[in-house]
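# What the coordinates show
Residue-level listing of the chains:
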Amino acid sequence: MNTFNVPTKENVSPNNQAIFDNLNNALGFVPNLYATYAHSDTALENYLTFANAKTSLTAKEKEVVNLAVSQVNECLYCLSAHTAIGKMNGFTEDQILELRAGFSTTDSKFDALAKLAKNITENRGRTTPSVLEDFFNAGYTKGNLIDVISLVGEKTISNYTHNTTQVPVDFPEAQPLTLQTI
């Protein structure tokens, strides 16, 4: 099997080198998954543009979607990264585990959002009508729905990139989701 190395700044195009510098300045490091996108001269910039696009979702709502989607897609890298980001956004470990499982017992709006993100991902966009109705009843709009679908797509790209390349996880590893942890 072909293994994927994590490119360093010296191994990537000048455009990607500039992006690596920006990531280092903003985050203090270049996450391995982002570096992996730099095997392509265009994918890293394209992905970051998509990931950082404007949305009607709050930072916490984005993490709800990221956690639910990454769990369905079984992406350890993204689960680990978004567990850390979720904590930075104020979620507790228990709340993160629930969101990964596709629900929330502490916030009805997050519950509807997590259920929707999980359902969209599991059903490849063929959303169950009652889940969609619950989403709208929680106060979300059609515009929010489109933003959620876009975010599911964006996160799925990362999940598939890691699941295919298996580059090392450079965040504290997320614990496995089991019945005992939720």
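Overview of the structure. All figures in this text were calculated on a predicted structure; none of them were measured in a lab.

### Quick look at the overall build of the protein chain
Summing up its helical and strand segments, the protein chain has nine helices and zero strands in all. Put simply, the protein chain runs from its N terminus to its C terminus through helices and strands in the order α-α-α-α-α-α-α-α-α. Taking 182 residues into account, the globule formula puts the C-alpha radius of gyration at 16 Å, and the protein chain, at 17 Å, falls close to it. By its C-alpha atoms, the protein chain is 50 × 35 × 35 Å across when sized along the principal axes. Out of the 182 residues in the protein chain, the part that is buried amounts to 43%. Across the protein chain, the fraction of contacts at a sequence separation of at least 24, relative to all contacts at a separation of at least 6, is 67%.

### Digging into helix α4 (residues 59–72)
The terminal C-alpha atoms of α4 lie 20 Å apart, and with 14 residues this matches the ideal 20 Å at 1.5 Å per residue to within 8%. The buried fraction of α4 amounts to 10 of the 14 residues, a majority that puts the element mostly inside the structure. Taken residue by residue, α4 has Glu-61, Glu-63, Val-64, Val-65, Asn-66, Leu-67, Ala-68, Val-69, Ser-70 and Gln-71 as its buried positions. In this structure, the buried side of α4 is in contact with α5 (76–88), α6 (93–101), α7 (108–122) and α9 (142–165).

### Structural notes on helix α3 (residues 43–51)
An α-helical turn contains 3.6 residues, so a residue and the one three or four places further along point in the same direction. Among the residues of α3, Leu-44, Tyr-47, Leu-48 and Ala-51 are the ones counted as buried. Angularly, the buried residues of α3 cover 95° about the axis, an arc narrow enough to put them on a single face. Facing away from the buried side of α3 by over 90 degrees, the exposed positions are Asn-46 and Thr-49. Buried residues along α3 sit against α1 (14–27), α2 (32–37), α4 and α9.

### Re the pattern of salt bridges
Opposite charge on two side chains makes pairing possible when the charged atoms of those side chains draw close. Within this structure, the stated rule accounts for five salt bridges. Here Asp-21 ties to Lys-9 by a salt bridge, and the two come within 2.7 Å at their closest N and O atoms. Linking Asp-21 in helix α1 with Lys-9 in the segment before α1, this pair joins segments that are 12 residues apart in sequence. Of the residues examined, Lys-9 reaches a relative accessible area of 31% and is grouped as partly exposed.

Calculation notes
Residues numbered from 1 in each chain as written. Predicted model: local features only at pLDDT ≥ 70, side-chain atom pairs only at ≥ 80, totals over all residues. Heavy atoms only, no water. Helix = DSSP H or I, 4+ residues; strand = E, 2+ residues; numbered from the N terminus. Rg over C-alpha atoms; globule rule 2.2 N^0.38 Å. Buried < 20%, exposed > 50% of the residue type's maximum accessible area, 1.4 Å probe, protein only. Contact = heavy atoms within 4.5 Å. Expected span 1.5 Å × (residues − 1). Arc of directions from axis to C-beta. Salt bridge = Lys/Arg side-chain N within 4 Å of Asp/Glu carboxyl O.

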